[in-house]
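One-letter residues, chain by chain:
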Amino acid sequence: MRHLSALAVVSALLLSGCGGGDGGTAAVPTGPSGTSSAALVVKIPAPAAAGHAVRPSYISPSTQSLAVSVGGESSTVVANLTPSSPGCVPATGSTPLTCTVTVTAPVGSDTFTVTMYDGLNASGNVLSKGSVTANVSANQTTPIHVVTNGTVCAISVTLGNPSPPQGTAATIPVTVAVYDAAGNVIIAPGSYSAPIALSDSDSKYTTLSTATVTAPGQPVTLAYTGGPLATATISASSPGIPAGKITNAVLTPSGGAAIAAIKLIVASASLTPRTPSSTNLTVTALNASGGVISGTYPSPIALSTTNAALTLNPKTVTASGQPVTVTYSGSTLVYGNVSVTASAPGVPPAGVTAAAFAPKTPCLPTFTHKNLYVMWDTASVQDVYRYAPPYTGAPTALNTITYGVYMTIDPLGRIFVAQANTSGYPGPSANVVYMSPPYATAPVAVTPANLSIYGTALDDKGDLFVAQVNGPILSAPGPVPATGFYATPAALPNSPTGVYSLAVDNYCNVIAGGANGTIYVLGTTGQPGGGYGQVTPVVNSTLAPAGGVGGTTLDAKGDVFFVVGSQIYELAPPYSKKPTALINIPGAGITSMTIDTSGNLITADYSNNKIEKIAPPYTSYTTIISGVLSNAAAVVIGP
């Protein structure tokens, strides 16, 4: 006789309820020529030790009986499955209790339905149930391969790691355990006749890999971003299973991965004034151990810039890998290095590594020479001389300029002089002239007459700026014309009035010293046609001493040096703090200052008829030229 092993599989759905069976019995008709026999062999394992309920193949150890029905017949064969039951062989060693059940079935295609119970004579709870269609042969016993699905009476959901560290992304295994009426875990093979539904109470930081479980052993995972999550409940449900029979899982991230430090890195850290650009910013959050925090951050990181010329998109970062763009407007209102910095709750300032930008500084000429040019004032005639370092030797006479007031120099070494009117003071009929190296030919006028001129300055493009004592700052666009005049200088929008001295800083801003003790910064907005219409008064009379600001010059760092009377001051970018008082030269009337490549300040002391050198840290001075050609009107360093 051939037999079949009836293998029961796990089920996620209650098939016939978790209560008692009907317990009915009936004899299968025998004898007609149209019938034959079919055999089932059932192996029932012994109960497992505590903690080892899962077995490689599912037959509930609580099985006591089965019922078999054939086709649509209402009659059923019932057989007990105990060591003393007919057809059963008790367990020995590693061989489980084995029972053979034979039924009569019509020859041909039949459907066999097998139901397992935890009571005798098909009574008690339904443990599993399954159906199979087989072709019954005449005159022999046909083995019937039946796989039964376990009847679900309870569900338990557990997590492989219920407390992952907050701030670190993780993928967590989810185990869905299903129990039969006797409390045994239902395992494979087989599939559930209806799926178990899974749900997640959180929709922001966690995601289930599937919302349904259709078979035992089906892999399920929970993806956690690492975000600031308090708890998330993973719930299961199945028709007919009361809530009291379901154990859900709770994810409770620990706070061990809070942000302790932040690093910012930019793809390009160089800015070119007047040239709009953008670059990518990388934000990296670190935990207390220095590890990189991935996924959603436990708290948002706020980004900010130290200069309005930079904008950020976005300004808040909530997860690792989030793209950030830093855009530079092209504004010339940039002073020294600017940066993007960050903040987050609990992160000290020392824990933030800012992304520093180093603006390129094309706006000032780089001189390899250290020659000093001095304009001496003798009555209405100004003589220009050149002194080689250390400026104490005999000078070289270069040229004569009538009514010269201030000097500046362009990248080509051309010296520009603000020429006063015939009375020897700034006012009507004054203009700007220049002379080219070697400075032996007559100066060339580059502006019309009748300007109320005092100080002058040029930027890297050759734009000319003219300070007026009684009017706004004027500007004429460069380059310097080869012949003829600049275009008629026009007033800068929003320009201050009453400015004595001008200079161009490293970043193409125009620095103006006002008659009322105010330092102004004039810059472009970086937009086409922006010009120098953006004016910022950075130091007013409450910070700088009252009186006219003169002799404005800058060092390589962009620090502004200016003088009020005989007192010299230094003002560091971004020019928003009170200036530092340096040396006061008794009795001095300083009209002009320049700075050489060694950082020495050189002053034109008109009142004392001297040229003084003030070496860093600018607390003492040395007279290097004295009483040579009447009064010292202006100085400049050039080639």
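Residues numbered from 1 in each chain as written. Predicted model: local features only at pLDDT ≥ 70, side-chain atom pairs only at ≥ 80, totals over all residues. Heavy atoms only, no water.

Draft legend 1. Looking closely at the overall build of the protein chain. Helix and strand counts for the protein chain come out as zero helices and 53 strands. Burial analysis of the protein chain (639 residues in total) assigns 51% to the buried set. In the protein chain, 57% of the contacts between residues at least 6 apart in sequence involve partners at least 24 apart. Of the roughly 26,100 Å² of accessible surface on the protein chain, a fraction of 55% belongs to carbon and sulfur atoms. (Helix = DSSP H or I, 4+ residues; strand = E, 2+ residues; numbered from the N terminus. Buried < 20%, exposed > 50% of the residue type's maximum accessible area, 1.4 Å probe, protein only. Contact = heavy atoms within 4.5 Å. Areas by Shrake-Rupley, 256 points an atom, 1.4 Å probe, with all protein chains shown as cover.)

Draft legend 2. Looking closely at the sheet that holds strand β40 (residues 490–491). Here we have four strands laid out as an open sheet, ordered β37-β38-β39-β40, and antiparallel in their pairing. The strands lining the two open edges of the sheet, one partner per strand, are β37 (453–458) and β40. Where strand β38 (residues 464–468) meets strand β39 (residues 474–476), three bridges bridge the pair, whose relative direction is antiparallel. Counterpart to phenylalanine 465 in the pairing with β39 is serine 475. (Pairing = 2+ DSSP bridges.)

Draft legend 3. Local environment of the pairing of strand β30 (residues 371–378). Of all the eight residues making up β30, seven are buried; the element is thus mostly covered by neighbouring parts of the structure. Pairing of β30 with strand β53 (residues 631–638) involves seven bridges; the strand directions are antiparallel. Within β53, the residue paired with valine 374 across the bridge is valine 635. Note: β30 against strand β31 (residues 381–387), seven bridges, orientation antiparallel. Pairing of tryptophan 376 across the sheet is with aspartate 383, part of β31.

Draft legend 4. A look at the nonpolar core. Core analysis: the largest hydrophobic core is formed by 28 residues, its most contacted members being Ile262, Leu264, Leu281, Val283, Ile301, Leu303 and Val340. Among the secondary structure elements, those contributing two or more residues to this core are β20 (261–266), β22 (277–286), β23 (296–305), β24 (310–313), β26 (324–328), β27 (338–343) and β29 (355–359). Discounting residues that sit within four places of it in the chain, valine 340 has contacts with Leu264, Leu281, Ser304, Thr305, Leu310, Leu312, Val326, Ala354, Ala355 and Phe357. Core analysis: the second largest hydrophobic core is formed by 25 residues, Ile186, Leu198, Ile234 and Ala236 among them. (Core = buried A, V, L, I, M, F, W, Y, C linked by side-chain atoms within 4.5 Å.)

Draft legend 5. The state of the cysteines, seen in detail. Inspection of the entire model under this criterion finds one disulfide. Disulfide pairing is shown between cysteine 88 and cysteine 99; the S-S distance is 2.0 Å. Handedness of the cysteine 88-cysteine 99 disulfide follows from its S-S torsion of about 115 degrees: it is right-handed. Taken together, the residues span a long stretch of sequence, with cysteine 88 in strand β5 (residues 88–89) and cysteine 99 in strand β6 (residues 97–106) at a distance of 11 residues. Judged by relative accessible area, cysteine 88 falls into the buried class, the value being 11%. (Disulfide = S-S within 2.5 Å.)

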